[in-house]
Amino acid sequence: MRDGEAEGLRQIGHHDLNGYGDGMQVMRAGDALYVGHFGPSGMGTSVLDASDPSALRLVRQWAAPDGAHTHKVQVADGLLLVNEEAFRGGRPARAGMTVYDLSDPFAPAEIGFWDSTGKGVHRIVYEGGDLAYVSATPDGYTGRIWVVVDVSDPAAPAERARWWWPGMGPGEKPDWPDDEDRSVHHALLAGDRAYLGLWDSGMVILDVADLDNIRVVSRLTWEVGGNTHTALPLPGRDLVVITDEAVTDGCDDAPPHMVRLADVADETAPRVLAVCPVPDGDFCDRGLRFGAHNLHENRPGSYRSADVVFVTYFNAGLRVYDLVDPERPQEIAHWIPACPPGQQAVQINDVWVGDDLLTYVTDRVHGGVYVLEPTPDLARRLDAARLDGDDS
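My aim in this report is to walk through the structure given alongside it, one point at a time.

So, how was this worked out
Residues numbered from 1 in each chain as written. Predicted model: local features only at pLDDT ≥ 70, side-chain atom pairs only at ≥ 80, totals over all residues. Heavy atoms only, no water. Helix = DSSP H or I, 4+ residues; strand = E, 2+ residues; numbered from the N terminus. Buried < 20%, exposed > 50% of the residue type's maximum accessible area, 1.4 Å probe, protein only. Contact = heavy atoms within 4.5 Å. Disulfide = S-S within 2.5 Å. Pairing = 2+ DSSP bridges. Core = buried A, V, L, I, M, F, W, Y, C linked by side-chain atoms within 4.5 Å. Axes fitted to C-alpha atoms, helices over the stretch in contact; angles between N-to-C directions.

1. Observations regarding the environment of Gly143
Mapped onto the fold, Gly143 is located in the loop between strand S13 (131-137) and strand S14 (145-150). Residue class for Gly143 comes out buried when judged on its relative accessible area of 8%. Setting aside chain neighbours within four positions, we find Gly143 in contact with Ala136, Thr137, Met168, Arg182 and Ser183.

This is the structure in structure tokens:
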């Protein structure tokens, strides 16, 4: 079993999720920590007591529905939103998004469901208020589209708007080359703009000022096959951090899946400024996936910065980059745990960073959830890069 590696971060807590260690999205609200499970274990969602981060305590766990996985969690305004999506050829009884009431944060109570039809919901973005933003594959579409769901009445969520790339819809003919694809991963919003990862097809900027008339502002592409995952706008900087998700094992696939920094000062003609340093080491030979995946997304109530980003990198663990000079990003910290028993390599999947600088990460195979804290030097650097108040 390979030992762990770290610089600037140290592990202070861990939980194996009661042996169902295939952790996906993780998010903390108050003392409650919510974890969505990837799916192979059959588990769906876990709720942990994180009042003592060094001694996480599992409070509640429930299985995913037959034929589905529920690997994404979003928490805000007293609600927990969880996806339901067909998994590995399964045929779930329902597909969409479940709404839970968190009057008791450790005992979520289902109160509503939005039926997407088709394969279900893949990703949700919800930071409170009336609207949630999801990627879903409804009946008749060739891939995931972007849907705005009104949750002002959580017991009866309803579609407000939808957008898809022309050619994806029912009866439409694709107008893109055979070696490309169109499928939404998810979008992050800044004002009346949505920055959307279009999976195989780069980043799309949408004007969402009028949800009855969503329009494309621009599209930024690089290599075909990039699997564009997250496009994170940095508050006040006209910059977007973009990850392409590694989806195969090793390094035989092309192009490499990296972290790019894009200049959107002219939003009609965005351009790639730089690529964050790729972790140096024998990661291509360690097994399983090597490459970028999730970002900490600067959610309200969490750690927020326009100069520092946290990125999960599968078998290269967690990487932290300083973007003060956008043309010369620098890695300033990293952390890789010891490989869990019986696992070929670590697969660090998601990251959430608290306002207190405690960092929660998951492993998608067996590792469960980990809690990290920065060293004093890194903590000072993170504090100096912190956004104040409502900076945007």
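Moving on from the coordinates now.
2. A look at the state of the cysteines
Per the stated rule, a full pass over the model turns up one disulfide. Between Cys251 and Cys284 runs a disulfide, and the two sulfur atoms are separated by 1.9 Å. Judged by the sign of its S-S torsion, about -90°, the bond between Cys251 and Cys284 is left-handed. Taken together, the positions of Cys251 in the loop between strand S21 (239-244) and strand S22 (259-263) and Cys284 in the loop between strand S23 (271-275) and strand S24 (308-312) put the pair 33 residues apart, joining distant regions of the chain. Left without a disulfide partner, Cys276 is nearest to the cysteine sulfur of Cys251, which lies 17 Å away. On the basis of relative accessible area, Cys276 is assigned to the buried category, the value being 3%.

3. A word on the pairing of S21
Residues in a regular strand point their side chains to alternate faces of the sheet. With six of its six residues buried, S21 lies for the most part within the structure. With burial as the criterion, each face of S21 is covered, one bearing Leu239, Val241 and Thr243 and the other bearing Val240, Ile242 and Asp244. Examined bridge by bridge, strand S20 (residues 228-234) and S21 share six bridges and lie antiparallel to one another. Bridge pairing links Thr230 to Thr243 in S21. If you look at the hairpin formed by S20 and S21, you'll find four residues sitting between the two strands, and Gly236 has a positive phi there, around 75°. Two strands pair when backbone bridges link them, and S21 and S22 are joined in this way by five bridges, in the antiparallel orientation. Within S22, the position partnered with Val241 by the bridge is Leu261.

4. Description of the nonpolar core
Of all hydrophobic cores here, the largest spans 62 residues; its most connected members are Met97, Trp146 and Trp163. Ranked by the residues each element gives to this core, the list is headed by S14, at five residues. Setting aside its immediate chain neighbours within four residues, Trp163 contacts Ile145, Trp146, Val184, Leu196, Leu198, Val204, Leu206, Ile214 and Val216. Grouped together as the second largest cluster of nonpolar side chains are 22 residues, Val26, Tyr34, Leu80 and Tyr360 included.

5. Side note on the sheet that holds strand S16 (residues 187-190)
Sheets are built from strands paired through backbone hydrogen bonds, the pairs being either parallel or antiparallel. Spatially, four strands are ordered S16-S17-S18-S19 in an open sheet, and the strand pairing comes out antiparallel. For this open sheet the edge positions go to S16 and strand S19 (215-220), each flanked by a neighbour on one side alone. On average, each strand axis in the sheet is inclined to that of its neighbour by 20°, with strand direction left out of account. Bridge count for strand S18 (residues 203-207) against S19 is five bridges, and the pairing is antiparallel.

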